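Architecture and fold: a report
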Amino acid sequence: FFYDLINACYFLAFPSVALALIPEKHLTKKAFHFSITGFFFLLTFVLLFTAVAEYFFWDEFNSRFNFIAIDYLVYTTEVIGNIRQSYPIEWIVIGLLLAAAGITFLSRPTHGEQVKSILSGGSKIKGVVLAMIVPLLSFITLDSRLHYFSDNNFANELAGNGMYELFSAYRNNELNYEQFYPHLRNEEALQVVHDALSPTHQFATSDHFSIERHISSTQPEKRLNVVLISVESLSAEFLSLFGSTRNITPTLDSLTKHSLVFTNLYATGTRTVRGLEALSLSIPPTPGQSVIRRPNNEHLFSLATVFNRKGYESKFIYGGYGYFDNMNYFFENNGYTVVDRTALSASEIDYENIWGVADENLFTLALHEIDKTTQANKPVFTHIMTTSNHRPYTYPEGRIDIPSHTSRAGAVKYTDYAIGKFLKEASKKKWYSNTIFVITADHCASSAGKTELPIEKYKIPLLIFSSQLTEVKSENRLMSQIDIAPTLLGLLNFSYESKFFGFDIFKINPGEERAFISTYQSLGYIKQDSLVILSPKKEPIVLMLDNQYTRRASIPTKVDMFGITKEAISWYQTASYEFKQGKLKQVE
């Protein structure tokens, strides 16, 4: 109720001041009454539309409007297109217009008298003052954190107000780590990270504020082509290996028997840009915007940097338009050749929706691009980002036994079908026997839960396979999405200069593993049997976990700053510091 009241003050500030400026002699004119009725209708429609929009947003994300809503509004073409393909938007708008008209008609007789009573005499001055002061005071003194009163995240979200949260997210879409989060001296935080990275690597510089180091291998390098497929919203729970009985990933289920499979891997965030950031830069998530969306994100040390220096051609291939989420700009300026939807002619597209072409068309494009590079006698590193497993869950009919536009399960099964078709076609190519395939996810299908960071909602699969890879096994150690790049390079026996924050999982001792999970505000750090949660303007929270990484109990708030909490702060603070100071730029 409190947030509803504050939102009402914001909502009425402009009309209150505007109406107060109208001379009293106009209050009795028909034109004024007509204008008041029209304005009442408009505001009523906006309120109704927002309520319905928030209902659908909750259905998708299990929260009120947040940073995701702001992020999506930047890309109106994709978002509006997605809404029109997913919901009967025209009928919804017609219904809301009729409802607003009905409410306006029934309340019309009271409009003029209410306005005259509010704006006459001394009430007019009071109204103007209140309309200006209350929103100003709330803007300065209040924020959205007050409604986070419970351990149940659903209760916290329900205690907010959608419109208030929308504008709050707009104001705070990029958070300064040291301003909002618990922090240490930069030297102290960097020392913790150095200590974690140094056991297996030698630092390349005497600069204490750098994490640049030598990665050395005593084994001959394997100059294999690398095909990295990051699948949109591929939760681990979709695969039979993780307990699914729905048979919606038959291709991936079959591949698990012939691959190096990682069963305890966690995505860093809840958005595609977070997954792409982790896979390309091997950096923990920083609060607010992903690095992919931030200024000064050019010439960073990336996975493509390593491959390019080994003589590879690195490509990022995407089935949608790469301007979305700033992907084209980021990848083009960080060592990748970008190939997106614009590379396909109409005759090469079997099906498309607002997010991109059907995954099978994307993979056909990828085959063509890999052919081009290998025929020029160059090894290729290709990062393919799929799009079909995304609302509205549409794909070509007749490919699988689940009709298009019915459910996420159908979209998952179609993407699995497209991957199978791609691998079958790839197996006919000369380069296939000299290629290593990596299949993982950008993030999970859902990250909402009763707790603020439900760990099980961040688990994603990772399969690595090749005819050149003799080891087929299941690796159960805790692993972060940022560990994929250095682990892959380790399997290739590459020696290189690194600025990655990730570990080669096979080069660290048991017990040193850790994982990072996040929303755009809350930062989680998992290690052994603990989860540390860092949130803006709050003391760190430490939760004890059972062996399935589900919450068991809370540790008292006064935690040991020389233990796991200090580690969590150090990793996140150092990642933020290194990026802002330009120390993640490519090694010269």
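Residues numbered from 1 in each chain as written. Predicted model: local features only at pLDDT ≥ 70, side-chain atom pairs only at ≥ 80, totals over all residues. Heavy atoms only, no water.

With respect to the overall build of the protein chain
The following threshold applies: Helix and strand definitions follow DSSP, with helices as H or I runs of at least four residues and strands as E runs of at least two, each counted in order from the N terminus. Only protein chains enter the accessibility calculation, which uses a 1.4 Å probe. A residue is then buried if its area is under 20% of the maximum for its type, exposed if over 50%, and partly exposed in between. Residue contacts follow a heavy-atom distance rule, with two residues in contact if any of their heavy atoms lie within 4.5 Å. Using the Shrake-Rupley algorithm and a 1.4 Å probe, accessible areas are obtained, with residue cover drawn only from the displayed protein chains.
Across its full length, the protein chain carries 18 helices and 19 strands. Here the protein chain, with 588 residues, has 55% of them falling under the buried criterion. In the protein chain, 70% of the contacts between residues at least 6 apart in sequence involve partners at least 24 apart. Surface summary for the protein chain: the accessible area is close to 25,500 Å², and the carbon and sulfur share equals 58%.

What to know about the packing of helix 10 (residues 186-197) against helix 18 (residues 564-580)
Heads up, the rule is: Each axis is a line fitted through C-alpha atoms, and for a helix only the stretch in contact is used; angles between axes span 0 to 180 degrees, taken between their N-to-C directions. We call two directions roughly parallel when the angle between them is under 35 degrees, roughly antiparallel when it is over 145, roughly perpendicular when it lies between 65 and 115, and oblique otherwise.
In contact at an axis separation of 8 Å, helix 10 and helix 18 are set at 105° when each is read in the N-to-C sense. In terms of their interaxial angle, helix 10 and helix 18 are classed as roughly perpendicular. Seen from helix 10, the contacting residues are Asn186, Glu188, Ala189, Leu190, Val192, Val193, Ala196 and Leu197; seen from helix 18, they are Lys566, Glu567, Ser570, Trp571, Gln573, Thr574, Tyr577 and Glu578.

Side note on the packing of helix 15 (residues 359-375) against helix 16 (residues 408-426)
For any two helices packed against each other, the geometry comes down to the angle between their axes and how far apart the axes lie. What counts is decided by this rule: When the near helix sits turned anticlockwise from the far one by under a right angle, the crossing is termed left-handed; a clockwise turn instead gives a right-handed crossing. Following the grouping adopted for this structure description, the nonpolar residues are Ala, Val, Leu, Ile, Met, Phe, Trp, Tyr, Cys and Pro, the charged ones are Asp, Glu, Lys and Arg, and the polar ones are all others, Gly among them.
Relative orientation of the contacting elements helix 15 and helix 16 amounts to 25°, with a least axis distance of 9 Å. The pairing of helix 15 with helix 16 is recorded here as roughly parallel in orientation. Classified by chirality, the crossing of helix 16 by helix 15 is right-handed. Residues Asp359, Glu360, Phe363, Ala366 and Leu367 of helix 15 touch helix 16, and the partners they reach there are Tyr414, Thr415, Tyr417, Ala418, Ile419, Lys421, Phe422, Glu425 and Ala426. Looking at the contact of helix 15 with helix 16, its residues break down into 9 nonpolar, 1 polar and 4 charged.

Focus: helix 15
The following threshold applies: One less than the residue count of a helix, multiplied by 1.5 Å, gives the span that helix is expected to have.
Across its 17 residues, helix 15 extends 24 Å between first and last C-alpha, which sits within 8% of the 24 Å expected from 1.5 Å per residue. Across the 17 residues of helix 15, 13 count as buried, placing the element largely inside the fold. Where helix 15 ends, the next residue or the one after it, asparagine 377, has phi of about 60°, a positive value.

A look at the pattern of salt bridges
Pairing between side chains becomes possible if they bear opposite charge and their charged atoms approach one another. Quick reminder of the rule: Whenever Lys or Arg places a side-chain nitrogen within 4 Å of a carboxyl oxygen from Asp or Glu, that contact is recorded as a salt bridge.
Enumeration over the complete set of coordinates arrives at 20 salt bridges. A salt bridge links lysine 566 to glutamate 188, with the shortest nitrogen-to-oxygen separation between them at 2.9 Å. Of the two residues, lysine 566 is situated in helix 18 and glutamate 188 in helix 10; the sequence distance between them amounts to 378 residues. Where arginine 271 meets aspartate 325, a salt bridge forms, and the shortest distance between an N and an O atom there is 3.0 Å. With arginine 271 in the loop between strand 4 (260-266) and helix 12 (272-281) and aspartate 325 in the loop between strand 5 (313-318) and helix 14 (327-332), this pair connects stretches of sequence that are 54 residues apart. Exposure remark for arginine 271: the relative accessible area of 10% places this residue in the buried category. A single network of salt bridges, built from pairs that share partners, joins Arg271, Arg293 and Asp325.

Quick look at the packing of aromatic side chains
Put simply, the rule reads: Aromatic contacts are taken between Phe, Tyr and Trp rings whose centres are within 6.5 Å, Trp giving its six-membered ring; a plane angle under 30 degrees counts as stacked, one over 60 as edge-to-face, and the others as tilted.
Here the structure, examined in full by the defined rule, presents 35 aromatic pairs. Summarising the aromatic geometry, the rings of phenylalanine 437 and phenylalanine 465 are spaced 5.3 Å apart at their centres and angled 15° between planes, so their arrangement reads as stacked. Pair noted here: phenylalanine 437 is in strand 10 (residues 435-441) and phenylalanine 465 is in strand 11 (residues 459-465), with a separation of 28 residues, a long-range link. Phenylalanine 437 gets classed as buried once you look at its relative accessible area, which sits at 1%. Given the relative accessible area of 8%, phenylalanine 465 is considered buried.

Looking at the pairing of strand 10
Quick reminder of the rule: A pair of strands is treated as paired once DSSP finds two or more bridges between them.
Among the 7 residues in strand 10, 7 count as buried, and that is most of the element. Burial along strand 10 is two-sided: the face carrying Thr435, Phe437, Ile439 and Ala441 and the face carrying Ile436, Val438 and Thr440 are both buried. Of the strand pairs in this sheet, strand 3 (residues 225-231) and strand 10 are connected by 7 bridges, and their pairing is parallel. Its bridge partner being in strand 10, isoleucine 229 is matched across the sheet by isoleucine 439. Here 3 bridges tie strand 10 to strand 11, and the two strands are oriented antiparallel to one another. Bridge pairing in strand 11 places isoleucine 439 opposite leucine 463.

Considering the sheet that holds strand 1 (residues 202-203)
One open sheet accounts for 3 strands, arranged 1-2-14; its pairing is antiparallel. Looking at the sheet topology across the chains shown, the edges are occupied by strand 1 and strand 14 (496-498). Bridging between strand 1 and strand 2 (residues 213-215) involves 2 bridges; their strand directions are antiparallel. For phenylalanine 203, the partnering residue across the bridge sits in strand 2 and is arginine 213.

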